[in-house]
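# Structural overview for review
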Amino acid sequence: MSGCCSEEKKQPQEVVAVSSCCGSSSEAQAEQSRSIDWLLWGSLSLVVFNYSLHLLGIEQLPPWLMTMSHGVFELMNTMWWGVVLAAIFVGVLSRIPQEMIVSILGRGGSISGLWRATAAGVFMDLCSHGILMVGMKLYQRGASLGQVMAFLIASPWNSLSLTIILVALIGLPWTLAFIVLSVIIALISGWIFDRLVERKVLPGNPNTSDLPLDYKLWPEMKKGWSQIPWSGGLIADLMWEGIKGSRMVLRWLLFGVLLATAIRSFVSLEHFQEYFGPTAIGLIFTLVAATIIEVCSEGSTPIAADLMTRAQAPGNSFAFMMTGVSTDYTEVMVIKDTMHSWKTALFLPLVTVPQVTVLAVILNGVPL
């Protein structure tokens with residue numbers, strides 16, 4: 001028997017008031033008001049306010065507010081290009097058929113699939129927040145949980161531009177060592193997450209789909225390429241689609257900028273760096289600082305270089321870059337919102353931090 005909602009759809013000319021079974025007009029308005037993303041718009045407003053304060057150059061401000069406005073200005077100028085590029089990538093991904101993405105990444109839960117996801121993370125030249133936007137879109141397009149985690153863990157500071165900077169700061173041997181170790185952690189962590197999904201400890205990706213038996217990647221790519229409607233507004237359309245698709249990430253990104261600059265305003269980085277020596281206590285301080293301080297990958301690189309050159313603590317340097325991603329609250333909250341699972345989000349630091357700690361102790365030469 002059909003319900004009143006279906007009856008109303010058959011008689012649209014009579015639908016003036018909403019019947020009780022479908023919700024009252026006041027309930028509809030309340031639902032619409034609840035749809036306003038207060039965290040997104042509130043954070044955006046405060047970011048614009050602080051950015052404008054710095055541009056105006058007002059000197060009669062409290063010291064903490066001057067520090068915060070300068071920090072917002074600095075962080076936004078550092079990460080804007082990564083966010084824009086990521087938005088374009090997300091827009092492109094939204095138009096690529098799911099079968100093609102699954103074919104490129106390989107079968108979820110397999111070693112080859114993890115290798116492909118890790119390689120994609122290493123070679124994609126985006127900041128950590130941009131990578132997060134792309135990673136969540138990959139999840140929505142069917143990548144396995146292990147592939148998404150491997151992609152996120154391997155990628156944030158392994159971009160080409162940051163790798164070149166890191167070589168200049170700490171030298172080629174240490175840079176290559178850090179890249180290899182981060183790839184190892186990404187592969188191990190991705191494998192662990194896939195096994196946890198197999199054992200029903202963590203929920204799998206509901207967006208996963210199997211490829212048709214007769215699916216051929218290259219012919220489909222050629223066909224898709226020939227059907228692209230090239231025009232002047234294509235990039236703008238892709239970026240707008242990417243921004244809409246990345247709304248969940250942007251809300252936490254902007255909030256993270258505010259929280260990071262607030263910490264900068266009241267807690268001096270020099271106090272952390274003073275105690276970052278190659279000792280057990282220094283490593284503990286590094287892990288705590290990496291957890292508290294929210295910095296983009298561009299910001300973590302010079303700090304990690306200081307830990308290497310000034311504190312003579314290569315393990316702390318590696319730990320700062322890696323756990324800064326694993327314990328980043330922006331990343332944890334975005335994973336929770338995208339995957340609808342606190343458990344999955346909290347397993348990211350639970351799986352990765354012990355591995356990072358062991359490797360950091362070895363690099364520092366501190367006895368276990």
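Quick summary incoming for the structure in this document. Residue indices follow the written sequence of each chain, beginning from 1 at its first position. Where local features are concerned, this predicted model is filtered to residues with pLDDT of at least 70; where side-chain atom pairs are given and counted, the filter is 80 or more; whole-chain, interface and lining totals use all residues. Just so you know, side-chain values use all the structure's heavy atoms and leave hydrogens and water out.

## Structural notes on the side chain of Glu 331
Position of Glu 331 among the secondary structure elements: in helix α18 (residues 329-339). Between buried and exposed lies partly exposed: a residue is buried under 20% and exposed over 50% of the maximum accessible area for its type, with that area taken using a 1.4 Å probe on protein chains only. On the basis of relative accessible area, Glu 331 is assigned to the buried category, the value being 5%. Residues in contact with Glu 331, not counting those within four places in the same chain, are Leu 132, Leu 152, Val 325 and Leu 348. Under the DSSP-based scheme used, a helix requires at least four consecutive residues in state H or I and a strand at least two consecutive residues in state E, with every element numbered from the N terminus. It only takes one pair of heavy atoms within 4.5 Å for two residues to be counted as in contact.

## Structural notes on the packing of aromatic side chains
By convention, a stacked pair of Phe, Tyr or Trp rings (six-membered ring in the case of Trp) has centres within 6.5 Å and planes under 30 degrees apart, an edge-to-face pair has planes over 60 apart, and any other such pair is tilted. Inspection of the entire model under this criterion finds 3 aromatic pairs. Ring centres 5.3 Å apart and planes at 55° place the aromatic pair Phe 178 and Phe 318 in the tilted group. In this pair, Phe 178 is assigned in helix α10 (residues 172-198) and Phe 318 in helix α17 (residues 314-326), connecting sequence segments 140 residues apart. Exposure class is identical for Phe 178 and Phe 318. Each is buried. An aromatic cluster of at least three residues, connected via ring pairs, comprises Trp 174, Phe 178 and Phe 318.

## Some remarks on the packing of helix α6 (residues 111-123) against α10
Where helices are involved, their axes are fitted lines through C-alpha atoms of the stretch in contact, as for all axes, and angles between N-to-C directions lie from 0 to 180°. Their axes nearest at 10 Å, the elements α6 and α10 cross at an angle of 135°. By the angle class used here, α6 and α10 are oblique. The handedness of the crossing between α6 and α10 comes out as right-handed. Mapping the contact onto sequence places Ile 111, Leu 114, Trp 115, Thr 118 and Val 122 in α6 and Val 183, Ala 186, Leu 187, Gly 190, Trp 191 and Asp 194 in α10. Each angle gets one of four labels, with under 35 degrees taken as roughly parallel, over 145 as roughly antiparallel, 65 to 115 as roughly perpendicular, and the rest as oblique. Handedness of a helix crossing follows the sense of rotation of the near helix relative to the far helix, less than a right angle counterclockwise being left-handed and clockwise being right-handed.

## Observations concerning the packing of α10 against helix α19 (residues 342-364)
Running from N to C, α10 and α19 point in directions that differ by 145°, and their axes come no closer than 10 Å. Read as a crossing pair, α10 and α19 show a hand that is right-handed. Across the interface between the two elements, Trp 174, Phe 178, Leu 181, Ile 185, Ile 188, Ser 189, Ile 192, Phe 193 and Leu 196 of α10 pack against Thr 344, Phe 347, Leu 348, Val 351, Thr 352, Gln 355, Val 356, Leu 359 and Leu 363 of α19. Grouping the amino acids of the contact of α10 with α19 by side-chain chemistry returns 14 nonpolar, 4 polar and no charged. Ten residue types, Ala, Val, Leu, Ile, Met, Phe, Trp, Tyr, Cys and Pro, are classed as nonpolar, four, Asp, Glu, Lys and Arg, as charged, and the remainder, Gly among them, as polar.

Function cannot be read off these values alone, since they describe shape.
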